[in-house]
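Each chain, letter by letter, is given below.
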Amino acid sequence: MATNITWHPHSLTHAERASLRRQPGLTIWFTGLSASGKSTIATALEQHLLHSSYAAYRLDGDNIRFGLNKDLGFSETDRNENIRRIAEVALLFADSCTLALTSFISPYRADRLLARKLHEERGIKFVEVYVQVGVEEAERRDPKGLYKKARAGEIKEFTGVSAPYEEPEGAEIVIRSGETGVEEACRQILSYLEGKRLIE
Ligand code: PPS
């Protein structure tokens, strides 16, 4: 970190801002293997929320790597940095009273914990959604043909094949992707958020 820098606090607390905006700010953090369905579910949830007049915005793994994180690859160190940056960006969205939806594989438990900790330190809610699917099923789906390439050795360090995925232990929501349709998954998340009074 640079030296000679000073933190300038906002003129409002997050709670005061949320009350003025009449809109909560929080991060819904999707994690799961490639082809688990996390982006599909996050996209559908974003639609639901927007149609219910919530400010919501989805940050997507592939997309972010076209811009902000285009300098990063898929080594463990690069993935750590990818998730660290996304955690900070999601926090900014959430602090500004947007519902930030992130869909990144985020394979390392420590990275997801860091994202959670950053939010908790600022008093901002963090909801982890594990979109659970076995490698076999993800590989059977293989919508982008990436598992096939990984098995052929054309993609190195591919999650679930030649790089690890550490399953979440304390996710607030677990979606069993093989048995749960997209609409049902959205309902599961919305009912959790409503139950916790995070949205109305
Ligand atoms: S991570 O692990 O959180 O840093 O990955 P993420 O930023 O979510 O990017 C995952 C998408 O990148 C594509 N892709 C790979 N995924 C995993 N491993 C390797 N080696 C890899 N190379 C490219 C792939 O399209 C992932 O998108 P999803 O939507 O998960 O399938």
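The structure we're discussing is the one just above.
Model, not experiment: these values are computed from the prediction. (Residues numbered from 1 in each chain as written. Predicted model: local features only at pLDDT ≥ 70, side-chain atom pairs only at ≥ 80, totals over all residues. Heavy atoms only, no water.)

### Re the overall build of the protein
Counted only if it meets this: For the purposes of this entry, the term helix denotes a DSSP run of H or I that reaches at least four residues, the term strand denotes a run of E that reaches at least two, and both are numbered from the N terminus. Note on method: radius of gyration uses C-alpha positions; expected globular size equals 2.2 Å times residues raised to 0.38. Classification of residues uses two cut-offs on accessible area relative to the type maximum, computed with a 1.4 Å probe and protein chains only: under 20% is buried, over 50% is exposed, and between them is partly exposed.
For the protein, the count of helices and strands is eight helices and five strands. Counted from the first residue to the last, the protein has its helices and strands arranged as α-β-α-β-α-α-β-α-β-α-α-β-α. Against the 2.2 N^0.38 benchmark of 16 Å for 200 residues, the protein shows a C-alpha radius of gyration of 17 Å, consistent with a compact globule. Each principal axis of the C-alpha atoms in the protein carries an extent, and together these give about 55 × 45 × 30 Å. A burial count over the protein gives 45% of its 200 residues as buried.

### What to know about the pairing of strand β1 (residues 26–31)
Looking along a regular strand, one sees side chains alternate from face to face of the sheet. So the rule is basically this: In this description, strands pair whenever DSSP reports at least two bridges between them.
Judged by how many residues are buried, β1 sits mostly within the fold: six of six residues are covered. Residues of β1 alternate between two faces, with Leu26, Ile28 and Phe30 on one and Thr27, Trp29 and Thr31 on the opposite face, all of them buried. Note that β1 and strand β4 (residues 125–132) share six bridges and pair parallel. The residue of β4 that forms the bridge with Trp29 is Glu128.

### Things to note about the pattern of salt bridges
Keep this limit in mind: Here, a salt bridge means any side-chain nitrogen of Lys or Arg that lies within 4 Å of a carboxyl oxygen of Asp or Glu.
Inspection of the entire model under this criterion finds 15 salt bridges. Among the salt bridges present, the one from Glu169 reaches Arg109, with a minimum N-O distance of 3.6 Å. Taken as a pair, Glu169 in the loop between α7 (146–151) and β5 (173–176) and Arg109 in helix α5 (residues 109–121) lie far apart in primary sequence, 60 residues in all. A residue is classified by how much of its surface remains accessible, and Glu169, at 68% relative accessible area, is exposed. Taking relative accessible area as the criterion, Arg109 reaches 29% and is therefore assigned partly exposed. The partner of Arg116 in a salt bridge is Glu172, with the nearest N and O atoms 2.8 Å apart. Linking Arg116 in helix α5 with Glu172 in the loop between α7 and β5, this pair joins segments that are 56 residues apart in sequence. The partly exposed category is assigned to Glu172, whose relative accessible area is 27%. What you see here is one network of salt bridges that share partners, running through Asp71, Glu81, Arg84 and Arg85.

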